Amino acid sequence: MNDAPGEKPAPFGAPELTAPPGEAGGFFESGRPRLGGLQEPTRFTGRQAAVIRAVAETMIPPDPAWPDAGSDEIDIVAFVGRYVTPSGYRNKHYPFAEEDAVTAGLDRLGQSFVDGDATARAAAVAALEEAGDPLFEQLRALVYYGYYSRPVVTLAINRNLPAGRDYHGPPLPYGYLQTTEPWDEELLTRAGENGSYLATDDVVRVDLSQLSWTK
């Protein structure tokens, strides 16, 4: 960690910390965001968690053929918690979700949002979007990323979509094993027979001084 004087240490799981002079707390991350998010997720109250689940079910409406976005199986609350920057720090990475602002927005939606029917919930989410409230973009990104990163959703894509039969999620670190053709081992053993290699130290500059250019 690279903590500035008087700055509290970043929560465990954060990358290197930087703090511009005179700005307490500083930025939470200085490089790329940590793969997998925080090891210790931001914690939400029971009501805030219920709002997150209700938002997920509103943005991805339930369907019998697909996992419920607000279910324990998806656990969208834990996913959101891993990508919300803890209180006291600034986030440099999309969707720029910071704990104090996110929890305040969840509290504004509150129990009335949780208790509302699908129409009322959709209207409340639409109002956030129309007002340009950053909470809308933050929750939409986290809900979509969280939902479509779940293995059970990958299986649903395989099952429900003709174009998704061979989809298995992110290509890394193993690549698209189900669709990559196997290497021809015999061909590989003969690859060096027709090729050549020039060491870097043997490369020489080509003299172009004698060339003339004509139209």
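One can find the structure itself at the top, above this paragraph.
Every value quoted in this text rests on a predicted model; they were computed, and no experiment measured them. (Residues numbered from 1 in each chain as written. Predicted model: local features only at pLDDT ≥ 70, side-chain atom pairs only at ≥ 80, totals over all residues. Heavy atoms only, no water.)

Moving on to the pattern of salt bridges. As enumerated under the stated definition, the model contains four salt bridges in all. Close ionic contact of arginine 43 with glutamate 40 constitutes a salt bridge, the shortest N to O distance being 3.7 Å. (Salt bridge = Lys/Arg side-chain N within 4 Å of Asp/Glu carboxyl O.)

We describe a pair of aromatic rings using the distance from one ring centre to the other and the angle between the two ring planes. Taken as a whole, this structure holds three aromatic pairs when the rule is applied. On the numbers, 4.9 Å between centres and 40° between planes, the contact of phenylalanine 79 with tyrosine 83 is tilted. Residue tyrosine 83 is classed as partly exposed on the basis of its relative accessible area of 28%. Geometrically, the ring pair formed by tyrosine 94 and phenylalanine 96 is edge-to-face, given 6.3 Å between the ring centres and 85° between the ring planes. In this structure tyrosine 94 comes out as partly exposed when scored by relative accessible area, which is 43%. For phenylalanine 96, a relative accessible area of 43% puts it in the partly exposed group. Across the ring face of phenylalanine 113, the terminal group of arginine 121 is positioned such that the distance to the ring centre comes to 6.0 Å. (Phe/Tyr/Trp six-rings, centres within 6.5 Å; stacked < 30°, edge-to-face > 60°. Buried < 20%, exposed > 50% of the residue type's maximum accessible area, 1.4 Å probe, protein only. Lys NZ or Arg CZ within 6 Å of the ring centre and 35° of its normal.)

Looking now at the nonpolar core. A general feature of soluble globular proteins is that nonpolar side chains tend to end up buried together. Val55 and Ile76 are the most contacted members of the largest nonpolar core, which has 33 residues in total. Counting residues per element, the ones that place at least two in this core are helix 1 (46–59), helix 2 (76–82), helix 3 (99–115), helix 4 (118–130), helix 5 (134–148) and helix 6 (151–160). Sorting elements by how many residues they give to this core places helix 1 first, with eight residues. (Core = buried A, V, L, I, M, F, W, Y, C linked by side-chain atoms within 4.5 Å. Helix = DSSP H or I, 4+ residues; strand = E, 2+ residues; numbered from the N terminus.)

What follows covers the side chain of threonine 154. Tracing the sequence through the fold places threonine 154 in helix 6. The exposure class assigned to threonine 154 is buried, which follows from its relative accessible area of 11%.

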